[in-house]
Number of protein chains: 2
Amino acid sequence: MNRFTIICITACRVNPDSLRGIVKHRTTIRELAEYTGLSPAAVSYALRGKQVSAATERRVREAAEKLGYEADPIARALAGGATAVVGLLVGSLADFWTQELVRAVQRELYGAELSALVADADGEPARELELAQRLVDQRVDGLVVVPIGPASGGWASIARQLPVVTIGDELPGVAPAGEVVFDNELGVEQALQHLSGLGHRRITVLSWAVETSPERDAERAAALSAAALGLDCRVVPCAYSLNGSQPLAAELLDDPGRPTAVLCLSDSIAYGVYAACAELGLSIPGDVAVAGFGDHPISRLLAPPLTSTVWDVEQAAECATSFLSQAIAADGPQATLREVVAPVLAVRASTGPPTPRRG
Amino acid sequence: MNRFTIICITACRVNPDSLRGIVKHRTTIRELAEYTGLSPAAVSYALRGKQVSAATERRVREAAEKLGYEADPIARALAGGATAVVGLLVGSLADFWTQELVRAVQRELYGAELSALVADADGEPARELELAQRLVDQRVDGLVVVPIGPASGGWASIARQLPVVTIGDELPGVAPAGEVVFDNELGVEQALQHLSGLGHRRITVLSWAVETSPERDAERAAALSAAALGLDCRVVPCAYSLNGSQPLAAELLDDPGRPTAVLCLSDSIAYGVYAACAELGLSIPGDVAVAGFGDHPISRLLAPPLTSTVWDVEQAAECATSFLSQAIAADGPQATLREVVAPVLAVRASTGPPTPRRG
DNA sequence: GATCGGTTGTGAACCGGTTCAGTGAACCGG
DNA sequence: CCGGTTCACTGAACCGGTTCACAACCGATC
């Protein structure tokens with residue numbers, strides 16, 4: 001059998017202009033240098049307003065405008081510059097409040113001309129540090145963390161490499177660039193006082209299943225015991241989502257000796273309690289009073305509307321972004337910026353006085 | 001006044017090993033080359049299993065393992081390789097269903113060892129393309145888009161540069177790498193049939209305020225008119241969020257000639273209607289029946305539980321990620337992968353027969 | 001034994017910025 | 001007029017990979 005080899009040589013002289021729009025060519029700094037008659041180094045400096053005369057800077061800027069030059073973020077990152085990307089690491093994206101926080105942070109970052117590389121530990125504390133390292137490898141300029149894991153040495157090492165801002169819980173011993181702290185201690189105290197005031201004595205706290213450091217654990221225990229004067233109060237760790245809390249709540253409430261009130265440290269958890277109550281035919285707040293934490297926009301639409309502790313996500317996001325921007329601009333270790341967000345208890349119909357049990 | 005100049009010279013001989021853990025040093029490909037006695041090029045090839053003998057490949061892999069070598073994603077990206085980052089561009093992160101989708105996509109991407117650069121157009125269609133371009137500039141390997149804007153020429157150009165997968169609406173004329181399509185036409189038809197079957201005649205559809213292309217607009221109009229046989233059906237565009245829909249719904253319902261049923265093309269919109277009803281003292285479904293779209297996990301917890309059209313976010317996310325992975329691996333234009341997700345109407349207590357009006 | 005084709009591996013250029021050391025020119029006080 | 005600064009800019013190295021063109025080597029074929 002014969003084999004034919006067909007050779008086809010086409011001489012092709014393409015006018016570069018005709019490629020515009022088909023293959024996009026980014027203007028490089030060297031082209032800009034040639035155009036302005038300067039060296040690439042001078043252009044690089046000029047664009048960042050350093051070490052050049054005002055006249056040159058203006059000339060370069062005009063040329064950049066004209067040629068539509070924009071620095072390649074990847075090349076800039078490799079050379080050690082900023083990427084304008086920050087990492088946003090959350091403990092559990094399944095939690096509705098966290099979702100709202102992500103939205104708010106995204107909006108703020110857009111205003112600050114930053115992009116976000118979002119990572120979700122999906123409720124597994126062990127995954128947190130690995131994801132953080134991955135973000136660092138991507139050369140993010142900074143990190144916003146909503147921690148659920150313990151504050152290990154790995155965090156300290158990361159915080160030394162780039163600015164880290166925490167939202168919600170702290171990472172003790174890490175010395176981040178900024179902290180937006182929720183005063184959980186006070187929040188829990190207020191909520192328990194409210195329930196206690198209504199006459200509840202047997203209360204269960206559904207806490208998030210966070211692998212806290214000893215200090216934070218102690219903090220929380222202290223808050224609980226302090227506020228719990230005279231209260232029969234149990235703390236149960238719980239998955240940070242609706243699907244996680246529903247079965248746990250069902251088990252907890254399907255018992256004549258059930259608590260008269262449940263305080264959930266996240267609205268997502270409270271939603272699971274609602275679902276469990278519906279399943280068991282228990283009425284809220286008649287059979288069991290329920291309070292949440294975070295105050296998701298939907299909570300006031302539930303039946304009954306959910307009593308919840310308001311944590312302002314907009315404020316938290318604004319602070320965190322501002323802290324991070326400052327730390328990135330400062331470009332060196334500074335004192336930790338800190339903002340404590342005060343809890344406000346929004347009392348709604350899901351909490352009322354306990355009804356006396358027959359038996 | 002005297003000036004003292006203090007010169008302090010400290011001869012400092014640092015053992016490189018002692019710096020470990022203080023400043024993290026990434027092993028580079030050249031170090032790995034030196035260690036194995038090969039050239040950097042050979043190592044690069046070996047790590048990607050190309051053009052090298054099996055023995056060499058094994059040797060390099062072992063050395064990489066031993067030295068803890070991991071390729072720098074930034075350098076790789078600059079050299080034209082893959083970044084293992086994909087862009088996730090959503091029309092409105094304020095929409096709860098979109099939030100769920102983002103969560104699901106994140107989880108899938110984690111499984112595929114990809115990271116996500118998330119961008120939110122925040123309900124503004126004009127912002128969509130700009131954000132997409134920004135993601136392309138960041139050298140993402142691909143793009144997952146939940147579009148709200150029109151399919152302009154800009155999209156076609158982007159789809160030619162990298163794989164694009166759409167979820168939900170399509171971008172006609174763009175030829176993306178993959179499409180996960182929601183059959184909105186059928187979904188709307190089913191919902192309207194349900195309402196019609198209950199006896200509703202005057203129905204308002206609160207649609208998302210999407211700047212659709214003519215084709216999609218026509219599609220939707222066709223679906224509506226086809227299903228709306230005998231129905232007095234009005235379509236009103238609405239912001240894609242609770243806060244956006246509540247005032248609109250309040251205005252719409254504060255009118256004796258109000259519709260007997262409202263079909264919302266997103267659960268977020270329906271939540272706004274619930275809020276408006278609470279405000280106006282209208283009962284659901286007695287005074288007005290309400291149906292949603294998307295079936296957010298919370299919807300079944302509302303009072304009354306919301307009738308909604310189920311769009312499975314897990315399935316959509318899985319498909320989209322799979323399509324994108326395939327397209328990235330194929331590394332060249334392929335036929336568009338396509339999956340149509342069928343709507344399933346979950347009937348709950350928020351829809352019932354209309355009550356006759358007095359007057 | 002010369003030629004050929006295929007496999008492995010190398011050297012160097014390249015991606016597109018940043019930055020350091022160095023050079024000339026202008027400037028200044030003595 | 002001279003030594004010392006400061007200013008504005010340049011050349012070249014560098015970040016850490018990828019890839020192209022080519023060389024060395026091998027066995028098989030004519």
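Parameters at a glance
- Residues numbered from 1 in each chain as written.
- Chains lettered and ligands numbered in written order.
- Predicted model: local features only at pLDDT ≥ 70, side-chain atom pairs only at ≥ 80, totals over all residues.
- Heavy atoms only, no water.
- Axes fitted to C-alpha atoms, helices over the stretch in contact; angles between N-to-C directions.
- Helix = DSSP H or I, 4+ residues; strand = E, 2+ residues; numbered from the N terminus.
- Parallel < 35°, antiparallel > 145°, perpendicular 65-115°, else oblique.
- Left-handed = near helix turned anticlockwise from the far one by under 90°.
- Contact = heavy atoms within 4.5 Å.
- Nonpolar A, V, L, I, M, F, W, Y, C, P; charged D, E, K, R; others polar.
- Buried area = accessible area lost by both parts, 1.4 Å probe.
- Salt bridge = Lys/Arg side-chain N within 4 Å of Asp/Glu carboxyl O.
- Polar contact = N/O pair within 3.5 Å; in protein donor to acceptor, adjacent residues only side chain to side chain.
- Pairing = 2+ DSSP bridges.
- Near = heavy atom within 4 Å.
- Expected span 1.5 Å × (residues − 1).
- Buried < 20%, exposed > 50% of the residue type's maximum accessible area, 1.4 Å probe, protein only.
- Phe/Tyr/Trp six-rings, centres within 6.5 Å; stacked < 30°, edge-to-face > 60°.
- Least-squares fit on C-alpha atoms with pLDDT ≥ 70 in both.
- Core = buried A, V, L, I, M, F, W, Y, C linked by side-chain atoms within 4.5 Å.
- pLDDT = per-residue confidence, 0-100.

Residues and elements named next belong to chain B. Contact geometry of helix α2 (residues 29-36) with helix α4 (residues 54-67) gives a least axis separation of 10 Å together with a crossing angle of 120°. Accordingly, the angle class assigned to the pair α2 and α4 is oblique. Here the hand of the crossing between α2 and α4 comes out right-handed. Between α2 and α4, the contacting residues are Leu32, Tyr35 and Thr36 on the first element and Arg59, Val60, Ala63, Ala64, Lys66 and Leu67 on the second. Of the residues belonging to the contact of α2 with α4, the class tally is 6 nonpolar, 1 polar and 2 charged.

The next subject is the interface of chain B and chain A. Between chain B and chain A, the residue contacts involve 52 residues of the former and 52 residues of the latter. Summing the contributions of chain B and of chain A, the shared interface buries around 4,500 Å²; its carbon and sulfur component is 56%. There are 6 salt bridges connecting chain B and chain A. Where chain B touches chain A, the interface holds 12 residue pairs in polar contact (both at pLDDT 80 or more). When residues of the side of chain B that touches chain A are traced back to their parent elements, those giving at least two are α5 (73-78), α6 (96-111), β2 (115-120), α7 (125-137), α8 (153-161), α11 (242-253) and α12 (267-280) of chain B. The element that contributes the greatest number of residues to the side of chain B that touches chain A is α6(B), accounting for 8 residues. Taken together, the residues of the side of chain B that touches chain A break down into 26 nonpolar, 11 polar and 15 charged. Where strand β2 (residues 115-120) of chain A meets β2(B), 3 bridges bridge the pair, whose relative direction is antiparallel.

Further remarks concern the protein's contact with DNA strand C. Around DNA strand C, 25 residues are found, and the nearest of them are Ile29(A), Arg30(A), Ser44(A), Tyr69(A) and Thr56(B). Protein-adjacent atoms of DNA strand C, using a 4 Å cutoff, are sugar or phosphate at a proportion of 55%. Taken together, the elements giving at least two residues each to the surface near DNA strand C come down to α2 (29-36), α3 (40-47) and α5 (73-78) of chain A together with α3 (40-47) of chain B.

Taken together, the neighbourhood of DNA strand D is formed by 26 residues, with Thr56(A), Ile29(B), Arg30(B), Ser44(B) and Tyr69(B) sitting nearest. Within 4 Å of the protein, the contacting atoms of DNA strand D are 53% sugar and phosphate, with bases supplying the remainder. At a separation of 2.7 Å, a phosphate oxygen of DNA strand D approaches a polar backbone atom of Ile29(B). One nitrogen or oxygen atom from the side chain of Arg48(B) is found 3.0 Å from a phosphate oxygen belonging to DNA strand D. Considering only residue class, the surface near DNA strand D consists of 14 nonpolar, 8 polar and 4 charged.

Okay, the side chain of Thr36(B) next. Residue and element names in this part refer to chain B. Locating Thr36 in the fold gives a position in helix α2. From its side chain, Thr36 meets the backbone oxygen of Ala33 in a polar contact 3.2 Å long. Setting aside its immediate chain neighbours within four residues, Thr36 contacts Val43, Arg59, Val60 and Ala63.

The subject of this paragraph is helix α13 (residues 313-330) of chain B. Each turn of an α-helix holds 3.6 residues, which means side chains three or four residues apart point in the same direction. All names here are of chain B. With 18 residues, α13 should cover 26 Å at 1.5 Å per step; its first-to-last C-alpha distance of 25 Å lies within 8% of that length. Within α13, the full set of buried residues consists of Val313, Ala316, Ala317, Cys319, Ala320, Thr321, Phe323, Leu324 and Ala327. In this structure, the buried side of α13 is in contact with β1 (85-90), α6, β3 (142-146), β4 (164-168), β5 (178-182) and β11 (337-341). Between a side-chain oxygen at the N-terminus of α13 and the backbone nitrogen of Glu314 the separation is 2.9 Å; the capping residue is Asp312. Two residues or fewer after α13 comes Asp331, characterised by a positive phi angle close to 55°.

Looking now at the packing of aromatic side chains. By convention here, two paired aromatic rings are described through the distance between centres and the angle between planes. Residue and element names in this part refer to chain A. Under the counting rule described, the total for this entry stands at 8 aromatic pairs over all chains. Considering the side-chain rings of Phe293 and Trp311, the 5.9 Å spacing of their centres and the 70° angle between planes classify their relative orientation as edge-to-face. Of the two residues, Phe293 sits in strand β9 (residues 289-294) while Trp311 sits in the loop between β10 (307-310) and α13 (313-330), which places them 18 residues apart along the sequence. Trp311 carries the same exposure label as Phe293, and that label is buried. Taken together through their ring pairs, the aromatic side chains of Trp97, Phe182, Phe293 and Trp311 make up a single cluster.

Bringing the relation of the copies chain B and chain A into the picture now. Each of the two chain copies can be generated from the other by rotation about an axis followed by a shift along it. Between chain B and chain A, which share one sequence, the superposing operator has a rotation angle of 180° and an axial displacement of 0.0 Å; the RMSD is 0.1 Å. Each copy turns onto its partner about a two-fold axis. Interface overlap between copies: 98% of the residues of chain B at the interface are likewise at the interface in chain A, consistent with a symmetric, same-surface contact.

Another point: the nonpolar core. Counting residues in each nonpolar core, the largest one holds 88 residues, and the members touching the most others are Ile167(A), Leu263(A), Ile167(B) and Leu263(B). Here Leu263(B) is in contact with Val188(B), Ala191(B), Leu192(B), Leu195(B), Thr204(B), Val205(B), Leu206(B), Ala291(B), Gly292(B) and Phe293(B), once residues within four sequence places are set aside.

Residue and element names in this part refer to chain B. Its 14 residues place the ends of α4 20 Å apart at the C-alpha level, agreeing with the 20 Å of an ideal helix rising 1.5 Å per residue. Contacts from the buried residues of α4 go to α2 and α3. Just beyond α4, the residue with positive phi is Gly68, at close to 65°.

Residue and element names in this part refer to chain A. Under the defined criterion, the tally for this structure stands at 24 salt bridges over all chains. Residues Glu100 and Arg103 are paired through a salt bridge, measuring 3.0 Å at the closest nitrogen-oxygen approach. Separated by 3 residues within a single helix, Glu100 and Arg103 lie in helix α6 (residues 96-111), roughly one turn from each other. The burial state of Glu100 is the same as that of Arg103; both residues are buried. Sharing partners across several salt bridges, the network here consists of Glu100, Arg103 and Glu314.

Residue and element names in this part refer to chain A. Across the sheet, 6 strands lie side by side as β7-β6-β8-β9-β10-β12; this open sheet has mixed pairing. The sheet terminates laterally at β7 (232-238) and β12 (344-346), the two strands that pair on one side only. Between one strand axis and the next, the sheet turns through 20° on average, direction left out of account. Where strand β6 (residues 202-208) lies against β7, 7 bridges are found, and the strand directions are parallel. Residue pairing across strands places Trp208 opposite Cys238, the latter belonging to β7.

Let's shift gears to the packing of helix α7 (residues 125-137) of chain A against helix α8 (residues 153-161) of chain A. Residues and elements named next belong to chain A. Between α7 and α8, the least distance of the axes is 11 Å, while the angle of their chain directions is 20°. Between α7 and α8, the interaxial angle falls into the category roughly parallel. The two elements α7 and α8 meet at a crossing, and its hand is left-handed. Where α7 abuts α8, its residues Glu128, Leu129, Ala132, Gln133 and Val136 lie against Gly154, Trp155, Ile158 and Gln161.

One rule of thumb: low pLDDT means the predicted coordinates there are not for detailed reading. Looking at chain A as a whole, the pLDDT averages 86, with 87% of positions reaching at least 70. For residues 1-22 of chain A, every residue scores under 50 in pLDDT, and the model assigns this stretch 3 contacts once sequence neighbours within four places are set aside.

For the rest of this paragraph, the subject is the environment of Val288(B). Residue and element names in this part refer to chain B. Residue position: Val288 is located in the loop between α12 and β9 (289-294). Each C-alpha atom, one on Val288 and one on Thr355, is 8.7 Å from the other, the two residues being 67 residues apart in sequence. Once residues within four sequence positions are removed from consideration, Val288 is found in contact with Leu253, Pro259, Thr260, Ala261, Val262, Cys277 and Ser283.

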